[in-house]
Amino acid sequence: MKKNFFKISTLLLFGVLFAFSSCKKDNADTQSAEDAARGSYIMADAFALSNDGSGGAKALKAQFSDCKFTYNQLDNGFELTFDNCTDDAGITRNGTIRITASADAFDTEGAGSITIEFVNYTVDNEGVSGSITATFKSGALGFYFDITAKNLKLDYADGTSVLYNTASLTYVFSIANKFSLEISGNSDGINRNGEHFTTTTENMKVEFFASTGCPYPTEGTMTINIDGEKPITLDFSSGTCGEITVSQKGHKDGTITIF
């Protein structure tokens, strides 16, 4: 398997929302904002593990030196199985992620696709099931990822769950946009209250070479629509690295912070 196909996927960690470390008690629906974004964090984390694992078990030992994991090579990919494994960032994983790749992903660095399946998998005691597929293409001016999720379900410790029936994100990195990463896409699912929701991400941008050095989105919006409620907007242009403004018509604005 060629590692070059996977190595660029680490950029996904900077291109999507992370789990939130804090949530102020304001009137705007910051809980729904967190739920809508958490699936993106799971997707980014899984692709980062795919990147590291594509180099074999040795590539993972530095990251998981103090906990138990099993690496199983497959004909068309590999499996990572964790046993109460806590990494240096304090994230604890259990269960298996299975990574498989199309034939062209093995043979070329310019195109191909990978699929990640979750098998009895948990991240910090939150269950994850379903699958994610990424298609990678590159050209003279840069590259892009098209990422789709199918039946991606997150089960929380309190018995509630969030289901992403579908999710689709496109990541574009090119000379034309001054080597910033631009993200757009949408998702559809059921939140932890049993309500149908959709999300639309527009013009989200990460400036890797900006003087601020912020590794998180600094432009763009995510809009969350929940049946029967006013739209919820996440605005990434607050001016403070890692801080997102959450607004909802008729309610006081809130903030959430990426850790």
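For the structure, check the block above.
Given the structure is predicted, the values throughout are model-derived calculations rather than measurements.

Trainee: Help me understand the overall build of the chain, please; the structure alone is not making it clear to me.
Mentor: Scanning the chain for helices and strands turns up 5 helices and 14 strands. In the chain, the share of contacts with a sequence separation of at least 24, taken over all contacts with a separation of at least 6, comes to 47%. Element-wise, carbon and sulfur atoms account for 48% of the exposed surface of the chain, whose accessible area totals about 11,700 Å².

Trainee: What is the right way to look at the pairing of strand β8 (residues 161-174) in this model?
Mentor: Regular strands place their side chains on alternate faces of the sheet. Where strand β7 (residues 142-155) meets β8, 13 bridges bridge the pair, whose relative direction is antiparallel. Bridged to glycine 142 within β8 is serine 174. Between β7 and β8, which follow one another and run antiparallel, lie 5 residues, and glycine 159 among them has a positive phi close to 95°. As paired strands, β8 and strand β9 (residues 181-190) are joined by 10 bridges and run antiparallel to one another. Pairing of alanine 167 across the sheet is with serine 187, part of β9.

Trainee: Could you clarify how one ought to interpret unusual backbone geometry in this entry?
Mentor: Most of the time, phi is negative for any residue but glycine, and the peptide bond is trans. Even without glycine at this site, aspartate 124 takes up a positive phi of about 50°. Classification of aspartate 124 as partly exposed rests on a relative accessible area of 39%.

Trainee: Looking at this model, I keep getting lost on the packing of aromatic side chains. Mind explaining?
Mentor: Here a ring pair, both rings aromatic, is described through the centre-centre distance and the interplanar angle of the planes. Under the criterion given, the structure shown has 5 aromatic pairs. A centroid spacing of 6.4 Å and a plane angle of 40° characterise the contact between phenylalanine 69 and phenylalanine 82, whose relative ring orientation is tilted. Taken together, the positions of phenylalanine 69 in strand β2 (residues 68-74) and phenylalanine 82 in strand β3 (residues 77-86) put the pair 13 residues apart, joining distant regions of the chain. Considered together, phenylalanine 69 and phenylalanine 82 belong to a single accessibility category, that of buried residues. Ring plane angle 15° and centroid distance 5.3 Å describe the contact between tyrosine 71 and phenylalanine 78, whose orientation is recorded as stacked. Through a chain of ring-to-ring contacts, three or more aromatic side chains come together here, namely Phe69, Phe82, Phe118 and Tyr121. Here the basic side chain of arginine 192 rests over the ring of tyrosine 156, its NZ or CZ set 4.2 Å away from the ring centre.

Trainee: Explanation requested: the pairing of β3 in the structure shown.
Mentor: Here β2 runs beside β3; their pairing, made up of 7 bridges, is antiparallel. Its bridge partner lying in β3, lysine 68 is registered against aspartate 83. Counted between consecutive antiparallel strands, the loop separating β2 from β3 contains 2 residues. Pairing analysis gives 8 bridges linking β3 to strand β4 (residues 92-101), with the strands arranged antiparallel. Within the sheet, the bridge partner assigned to phenylalanine 78 lies in β4 and is isoleucine 99. A loop of 5 residues connects β3 with β4, the two strands running antiparallel in sequence, and glycine 90 in this loop sits at a positive phi of about 85°.

Trainee: I tried to follow the pattern of salt bridges on my own but got confused; where do I start?
Mentor: Should the charged atoms of two oppositely charged side chains come close, the side chains can pair. Under the criterion given, the structure shown has 4 salt bridges. Here arginine 192 ties to aspartate 158 by a salt bridge, and the two come within 3.7 Å at their closest N and O atoms. With arginine 192 in the loop between β9 and β10 (196-206) and aspartate 158 in the loop between β7 and β8, the pair connects residues that are 34 residues apart, well separated along the chain. You can call aspartate 158 exposed: its relative accessible area is 52%.

Trainee: Can you walk me through the side chain of lysine 205 in this structure?
Mentor: Its place among the elements puts lysine 205 in strand β10. Setting aside residues up to four positions removed in sequence, lysine 205 forms contacts with Ser180, Leu181, Glu182, Tyr216, Pro217, Thr218 and Glu219.

The rules behind each value
Residue numbers restart at each chain and count upward from 1, following the sequence in its written direction. Local features are withheld for residues below a pLDDT of 70 in this predicted model, meaning they are given only at 70 or higher, and side-chain atom pairs are given and counted only at 80 or more; totals for whole chains, interfaces and linings count all residues. No hydrogens and no water enter the side-chain calculation; it runs on all heavy atoms of the structure. Helical segments are the DSSP runs of H or I of at least four residues, strand segments are the runs of E of at least two, and each set is numbered from the N terminus. Residue contacts follow a heavy-atom distance rule, with two residues in contact if any of their heavy atoms lie within 4.5 Å. Note that accessible areas follow from Shrake-Rupley with a 1.4 Å probe, and for residues the cover is restricted to the protein chains shown. Whether two strands pair comes down to DSSP finding at least two bridges between them. To sort residues, take the accessible area from a 1.4 Å probe on protein chains only and compare it with the maximum for the residue type: under 20% means buried, over 50% means exposed, and anything in between is partly exposed. Stacked, edge-to-face and tilted are the three classes for Phe, Tyr and Trp ring pairs, Trp counted by its six-membered ring, which pair at centre distances within 6.5 Å; planes under 30 degrees apart are stacked, over 60 edge-to-face, the rest tilted. Ring-over charges, as used throughout, are those where CZ of Arg or NZ of Lys falls within 6 Å of the ring centre and within 35 degrees of the ring normal. Put simply, a salt bridge is a Lys or Arg side-chain nitrogen that is within 4 Å of an Asp or Glu carboxyl oxygen.

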